[in-house]
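As a plain string of letters, each chain reads:
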Amino acid sequence: MSDANKPTPESCDNNCSSCPSGATCPSAAGKIPPKADIDVKHVILVLSGKGGVGKSTVAVNLAYALSNHGKQVGLLDLDIHGPNIPKMLGIEEHKLLADQNKIVPVKVTGSLQVVSMAFLLPEKHAPVIWRGAMKSGAIKQFLEDTSWGSLDYLVVDLPPGTGDEALTIAQLAPNVRGAIIVTTPQEVSTLDSTKAITFVEQLGLTVIGVIENMSGFVCPHCGEAVDLFGKGGGERIAQDHNVPFLGSLPLDPEVRKAGDEGRPFIIRQKDSLTWKAVDAVMENLVSIVEKQI
């Protein structure tokens, strides 16, 4: 398929035979949906080719870091079948409220607010058993039927892979500046991450950059790093695809502890190597995104 004929978020639907997912272009039927009416400067998608690479941890800490730097931030948890963002922020007991037929996001701080499927579950262990059309409808509501207010950034945490949720948000969200690809260093992860990069490019979106997570284990006793999963895989695929490398984040037991306790790592231990690594990635992200304006 030539670049001119590649599908874009505006021309592809979840059921198009010509797009990477395999199903119809609504453009032929005059059914291109309008962009959601939401006041946001930058929509940032956080993707991974496979699960278990710490994508949600990256999304939470980046969103929190952006809000700490004076940005108005929304965090949209679109991992509908496994929504973990509220747990990582210590707000899992909250429920979404409505005001004048609009969803009211859960406030974490004065500059960070969250919407997640987890807030709608009758109990936190309840599964969501939905087909694609229901997920797409929920995503539309989370965007345009939500009182987000005026946002500098909307960080969207997506489920692993390249399915319905990623296609729908790319199609409906305005001002999508691009996607961050999260990988771990080993080849089994970078192989799937290259698929995610290709997926983003075929949608006509920008790959903002690659983050290598779990890049070395930080010993809790001596503070030294050991390359348990290898090193440099994320930087290598970034170079191979000519996209930015945003940085590496170590495998730090304190990050796991922070997520379990519902207190994002970025608000703790500002003198640690891991905190400095997360902050550096955030600064690289902001620099790249705001140069696009």
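Q: Where do I start with the sheet that holds strand β9 (residues 207-212) in this structure?
A: Strand pairs in the sheet, formed through backbone hydrogen bonds, run parallel or antiparallel to each other. Here we have eight strands laid out as an open sheet, ordered β5-β6-β2-β7-β1-β8-β9-β12, and mixed in their pairing. The sheet is open, and its two edges are formed by β5 (106-109) and β12 (245-248), each paired on a single side. Between one strand axis and the next, the sheet turns through 20° on average, direction left out of account. As judged from the five bridges shared by strand β1 (residues 40-47) and strand β8 (residues 176-183), these two strands associate in the parallel manner. Within β8, the position partnered with I44 by the bridge is G178. Sheet contacts for helix α1 (residues 55-68): β1, β2 (73-77), β5, β6 (112-116), β7 (151-157), β8 and β9; angle to β7, the most-contacted strand, approximately 170°.

Q: How should the pattern of salt bridges be read in this particular structure?
A: Where side chains of opposite charge bring their charged atoms close, a pairing between them can arise. The tally for this structure, following the rule as stated, stands at eight salt bridges. Note that D152 is salt-bridged to K41, the shortest N-O span being 3.3 Å. Of the two residues, D152 is situated in strand β7 and K41 in strand β1; the sequence distance between them amounts to 111 residues. Assessed through its relative accessible area of 16%, D152 is described here as buried.

Q: Mind showing me how you'd approach the packing of α1 against helix α8 (residues 273-291) here?
A: In a pair of packed helices, the angle between the axes and the distance between the axes together describe the arrangement. Two numbers describe how α1 lies on α8: the axes approach to 10 Å, and their chain directions differ by 70°. Regarding the angle of α1 to α8, the classification is roughly perpendicular. Of α8, the residues touching α1 (which contributes N61, L62, A65 and L66) are V278, V281, M282, L285 and V286. For the contact of α1 with α8, a count of residues per class yields eight nonpolar, one polar and no charged.

Q: So what exactly am I meant to see when it comes to the nonpolar core here?
A: Generally speaking, a soluble globular protein has its nonpolar side chains buried in company with each other. Core analysis: the biggest nonpolar cluster contains 84 residues, and L75, L76, L154 and I169 have the highest contact counts within it. Aside from chain neighbours lying at most four places away, what touches I169 is L45, L76, L78, I139, L143, V156, L158 and V176.

Conventions we followed
- Residues numbered from 1 in each chain as written.
- Predicted model: local features only at pLDDT ≥ 70, side-chain atom pairs only at ≥ 80, totals over all residues.
- Heavy atoms only, no water.
- Pairing = 2+ DSSP bridges.
- Helix = DSSP H or I, 4+ residues; strand = E, 2+ residues; numbered from the N terminus.
- Axes fitted to C-alpha atoms, helices over the stretch in contact; angles between N-to-C directions.
- Contact = heavy atoms within 4.5 Å.
- Salt bridge = Lys/Arg side-chain N within 4 Å of Asp/Glu carboxyl O.
- Buried < 20%, exposed > 50% of the residue type's maximum accessible area, 1.4 Å probe, protein only.
- Parallel < 35°, antiparallel > 145°, perpendicular 65-115°, else oblique.
- Nonpolar A, V, L, I, M, F, W, Y, C, P; charged D, E, K, R; others polar.
- Core = buried A, V, L, I, M, F, W, Y, C linked by side-chain atoms within 4.5 Å.

This is a description of form; function is not addressed.
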